[in-house]
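# Observations on chain architecture
Take a look at the letters that make up each chain.
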Amino acid sequence: MSFPNDRPQRLRRSEAMRRLTTETRLSISDFIYPVFVSEVVDKPEPITSMPGIFNYPVAETAREADRAFKLGIPGVILFGTPSNKDATGSASLKKDGIIQRAVSEIKSFNSDILVITDVCLCEYTDHGHCGVVKNNNVIDNDATIDLLARQAVSHAEAGADMVAPSDMMDGRVAAIRDALDKSSSEEVAIMAYAAKYCSAFYGPFREAAGSTPQFGDRASYQMNPANSREALKEIALDVDEGADIVMVKPALSYLDVIANAKAMPDLNVPVAAYNVSGEYSMVKLAAERGIVDERRLALEILTSIKRAGADIIISYHAPDVARWLAD
């Protein structure tokens with residue numbers, strides 16, 4: 001059929017009609033809220049490049065997580081900044097480390113909150129890289145995955161429901177799954193940063209976590225932004241190694257990768273997407289200058305991520321979305 005018999009505008013002519021025929025719907029149950037925890041602050045400290053986002057001391061972390069939970073957000077993902085950093089990120093392994101204490105505090109405060117922990121070394125190393133560095137400034141993949149597995153176990157022992165390795169080392173999901181199972185933490189899930197790109201969108205996060213590399217960049221282990229087929233290989237490998245959820249990061253410039261991941265014939269795990277710091281800050285800062293309507297733009301971006309195929313969205317906008325959807 002064609003015009004005048006076919007008139008698609010019939011289904012767009014009123015708000016009620018548009019709501020009735022909406023194909024993609026955001027739910028606050030889709031969201032995870034990232035929370036920064038720091039040993040170098042004694043009160044919530046604003047992150048200048050991320051309006052509305054703070055670094056929290058451990059004592060405040062549980063209350064912030066609970067505030068998000070009461071808005072309907074199922075859980076949080078924690079990122080920690082220790083007071084002391086070294087070449088191997090040894091602070092990440094301590095039983096009384098920043099993340100370990102934060103997990104325990106949140107679970108003691110409200111055990112129903114889903115607590116996910118970032119598993120990586122970049123926030124704990126004095127050089128800012130995600131792994132152990134050899135003398136020639138090359139990342140030692142195999143030495144790193146041993147530390148990541150130990151870090152994941154320490155998070156599980158503190159009470160984490162899920163660990164999320166973000167380092168992009170080869171073989172780390174299998175190493176973490178094996179270590180968790182051997183430590184009687186077989187119920188702890190793994191959300192793998194399966195397709196994490198070497199992106200310029202991470203700038204504000206690096207301010208928040210103090211994780212800017214002190215030399216070079218992360219292109220030797222994070223993915224080339226020009227590649228999409230390679231992402232499907234990375235995802236398949238992580239699933240084979242035991243990932244319960246796979247993630248694409250960033251989200252906005254990689255909607256095609258999210259869609260391709262969701263369409264993988266044998267993929268039988270949820271797909272998460274990380275609406276990262278740079279994506280968030282661009283909206284917030286443009287809105288502060290009156291250039292855009294923050295609510296409309298943020299919801300449009302997040303809907304596009306869901307429409308592309310993401311089952312789970314990690315976003316700093318999560319509390320805002322909870323309020324907007326409630327309205």
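Placed above this text is the structure.
Residues numbered from 1 in each chain as written. Predicted model: local features only at pLDDT ≥ 70, side-chain atom pairs only at ≥ 80, totals over all residues. Heavy atoms only, no water.

Before going further, it helps to spend a moment on the packing of helix α3 (residues 98-109) against helix α4 (residues 141-158). Relative orientation of the contacting elements α3 and α4 amounts to 25°, with a least axis distance of 8 Å. Here α3 lies roughly parallel to α4, going by the angle between them. In this structure, the crossing between α3 and α4 has a hand that is right-handed. Seen from α3, the contacting residues are I99, Q100, V103 and S104; seen from α4, they are S154, H155 and A158. Across the contact of α3 with α4, the residue classes break down as three nonpolar, four polar and no charged. (Axes fitted to C-alpha atoms, helices over the stretch in contact; angles between N-to-C directions. Helix = DSSP H or I, 4+ residues; strand = E, 2+ residues; numbered from the N terminus. Parallel < 35°, antiparallel > 145°, perpendicular 65-115°, else oblique. Left-handed = near helix turned anticlockwise from the far one by under 90°. Contact = heavy atoms within 4.5 Å. Nonpolar A, V, L, I, M, F, W, Y, C, P; charged D, E, K, R; others polar.)

As a further point, take helix α11 (residues 318-326). Residues of α11 that are buried: A318, P319, D320, V321, A322 and W324. Among the structural elements, β1 (31-38), α9 (277-288), α10 (294-308) and β12 (312-315) are those in contact with the buried residues of α11. (Buried < 20%, exposed > 50% of the residue type's maximum accessible area, 1.4 Å probe, protein only.)

With seven of seven residues buried, strand β4 (residues 75-81) lies mostly within the body of the structure. When β1 meets β4, the two strands line up parallel, connected through seven bridges. Looking at β4, one finds that V37 is bridged to G80. Taking the sense of rotation as the criterion, the β-α-β connection linking β4, α3 and strand β5 (residues 114-119) turns out right-handed. (Pairing = 2+ DSSP bridges. Right-handed = clockwise from strand over helix to strand, strands pointing away.)

The buried count for strand β9 (residues 189-196) comes to eight of eight residues, which makes it a mostly enclosed element. As paired elements, strand β8 (residues 162-165) and β9 share two bridges and run parallel to each other. Pairing of V163 across the sheet is with I190, part of β9. Chirality of the crossover, the property in question, places the unit of β8, helix α5 (residues 172-182) and β9 among those that are right-handed. Here β9 pairs with strand β10 (residues 245-249) via four bridges, running parallel. Paired with A195 across the bridge in β10 is V248.

On to the nonpolar core, then. Grouped together as the largest cluster of nonpolar side chains are 108 residues, with contacts concentrated most on F36, I77, L78, I176, M191, I258 and I305. Setting aside residues no more than four positions away along its own chain, M191 makes contact with I77, I116, M162, V163, A164, P165, I245, M247, A272 and I314. (Core = buried A, V, L, I, M, F, W, Y, C linked by side-chain atoms within 4.5 Å.)

Looking now at unusual backbone geometry. Following F3, the chain continues into P4 via a peptide bond in cis, with omega recorded as 15°. For P4, the location among the structural elements is in the segment before α1 (15-20). Even without being glycine, N137 reaches a positive phi, approximately 60°. Mapping N137 onto the fold places it in the loop between β6 (132-133) and β7 (139-140). With a phi angle near 65°, S184 is a residue other than glycine that sits in the positive phi range. Taking relative accessible area as the criterion, S184 reaches 53% and is therefore assigned exposed.

The values are spatial; any link to function lies outside them.
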